[in-house]
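Spelled out, the chains give:
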Amino acid sequence: MTGDDTSAQPSPRTAPRGLADRVLINADFRRLWVVQVVSATGDWLGFFAIVVAAARVGGGTPEAAVSFVMTARIVPGLFLAPLAGVLVDRWNRKQVMIVCDLARAATLAALPFVDQLWQLVVASLVLELFTLLWAPAKEASVPNIVPQHRLTTANSLSLVAAYGTIPVASLLFFGLANVADTVAGWPGAENFRADQEALAFYIDSLTFLFSALLIWGITLPSRTRAERRQSVEGRRVDLMATLRELREGWETIFINPVVRAVNVALATGLIGGGMLIPLGPVFAEVVLGEDPGDGFATLQIALGFGVAVGVIAVTAGQKRMLKARMFVVSVFGAGISLLLGASMTTLLSASLLVALLGLFAGAIYVLGFTLLHETVEDELRGRIFASLYTLIRLCLIIALAVGPALAVLLNGLSEEWFDKDITVFGLDVFIPGVRVTLWLASVIMLVAGALAWASMRTLFRTDAEPHEKARV
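The structure presented is a predicted model; accordingly, all values stated were derived computationally and were not measured.

A. A look at the confidence of the model for the chain. Taken residue by residue, the chain gives an average pLDDT of 79. The fraction at 70 or more is 82%. Taking the mean pLDDT of every element in the chain, the minimum, 47, falls on helix α9 (residues 225–234) and the maximum, 94, on helix α4 (residues 93–110). Within the model, the stretch residues 1–17 combines pLDDT values under 50 with 40 contacts to residues more than four positions away or in other chains. Every residue in residues 467–472 is under pLDDT 50, and counting partners more than four places away or in other chains gives 22 contacts.

B. Expanded view of the environment of V262. If you trace the backbone, V262 turns up in helix α11 (residues 257–273). With relative accessibility at 0%, the residue V262 sits in the buried group. Between the C-alpha atom of V262 and that of L367, which follows or precedes it by 105 residues, the distance is 9.0 Å. With sequence-adjacent residues up to four places away left out, V262 is seen in contact with F327, G368, L371 and L372.

C. Representation of the packing of aromatic side chains in the model. Evaluated as defined, the whole model comprises 7 aromatic pairs. Relative to F369, the ring of Y365 lies with its centre 4.6 Å away and its plane at 20 degrees, an arrangement referred to as stacked. Here Y365 and its partner F369 are both found in helix α15 (residues 347–375), 4 residues apart, which amounts to about one turn of the helix. Here the aromatic rings of F369 and F385 are separated by 5.6 Å at their centres, their planes lie at 35 degrees, and the arrangement is tilted. Of this pair, F369 sits in helix α15 while F385 sits in helix α16 (residues 378–418); the two residues are 16 residues apart in sequence, bridging distant segments of the chain. Taken as a pair, F369 and F385 share a single burial class, namely buried. Through a chain of ring-to-ring contacts, the aromatic side chains of W44, F47, F48, F173 and F174 assemble into a single cluster.

D. Structural detail: the packing of helix α5 (residues 117–145) against helix α6 (residues 151–163). Two elements in contact, α5 and α6, have axes separated by 10 Å at closest approach and are oriented at 145 degrees. Classified by chirality, the crossing of α6 by α5 is right-handed. Along the contact surface, α5 presents K138, E139, V142 and P143, while α6 presents L151, A154, N155 and S158. By residue class, the composition of the contact of α5 with α6 is 4 nonpolar, 2 polar and 2 charged.

Rules used in this analysis
Residues numbered from 1 in each chain as written. Predicted model: local features only at pLDDT ≥ 70, side-chain atom pairs only at ≥ 80, totals over all residues. Heavy atoms only, no water. pLDDT = per-residue confidence, 0-100. Helix = DSSP H or I, 4+ residues; strand = E, 2+ residues; numbered from the N terminus. Contact = heavy atoms within 4.5 Å. Buried < 20%, exposed > 50% of the residue type's maximum accessible area, 1.4 Å probe, protein only. Phe/Tyr/Trp six-rings, centres within 6.5 Å; stacked < 30°, edge-to-face > 60°. Axes fitted to C-alpha atoms, helices over the stretch in contact; angles between N-to-C directions. Left-handed = near helix turned anticlockwise from the far one by under 90°. Nonpolar A, V, L, I, M, F, W, Y, C, P; charged D, E, K, R; others polar.

Dropping the structure here:
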């Protein structure tokens, strides 16, 4: 790999035993990981505050207001993420991350003073545009500061930073209500609108300032003379060159078997797995006979626990596994787990299989990102990750929007054709729409596994990892 920074790595004699410690002893990645932890905590905190703010300024239609704001955070990525990838591959990635952090900090600092829905929508759009640049810039930089044999551990730590901070941010947001009551009595507090919502925005803004400061201290490898020349040319407005670079990135996705397999499996698999989110409460109530809130919470806890186990297992066993093969196995495993989980009739059995689904999902995330880091050359990395994020967003939208509608449609058909009950090998099987939809979701995930296997099957004939055979 070009740009690996091994100077910060410990000698075998002094290296810590823990896999995470061996990565975090790298000063540059340690800074980047702390940035991810702090920024992710602030992101979730800001997300909760934005939802509250949308409901506040929405007047008599708070649900519609929240929908408008969330749309402003999702839709831009569908159209602008590929262009953001081109810019990230042209520009200095460290500077991109710093500028994006500063811009997001300024935007969040202004949100406490927003009183109209259109202002909140515009602010959400601005936040999303800078996030579209920051995320691929970060992902493209990881292989330049972490040696290849540590990328799996680095991606495991990144997953922990991204999603393990949700409960921390939740507790912090609820705790800010008490803090706001105290701050409200301070002189001049009314000038800063220091309520729970505003304090969350201020803290989120500070996390981005902290992020910019830490990233400023990260050392990224110097670019070659040709890359510097390309960077200068990138400042010029050249529509044809931009289109060529966009096409180059998308061609890589379709031509390179590993990149194609990871994108297909991650994106298509999310259509299936993502349906569990909107359908979870209905499944808990209709199929399992549980309270929808408590049942769904139990399933989510099981899913989170499974993801944690999967990340730990992949990190601990990375030296003994062929990552590409394990990636495909995990996609199939996730589909089978969801299929069996949707067939259960008790909360305990369903939760155990949802936990198994989480285990495979954690492995899919870590192994997928690691394969891309290992396979894609530096000059294409921004476009590849930007495109991946676009596909993920699109497929999640499809899952969240289509899942409930499909469940309603299938529920009506099941009631009309089968009275929601069929007999299989002498057993009565209850088939409400939500169960049939989850079965269909599992089939989609199995198809994603088959497509991933078909994409990389020629590479499995050797014992070498695909990145050795299919480097872009």
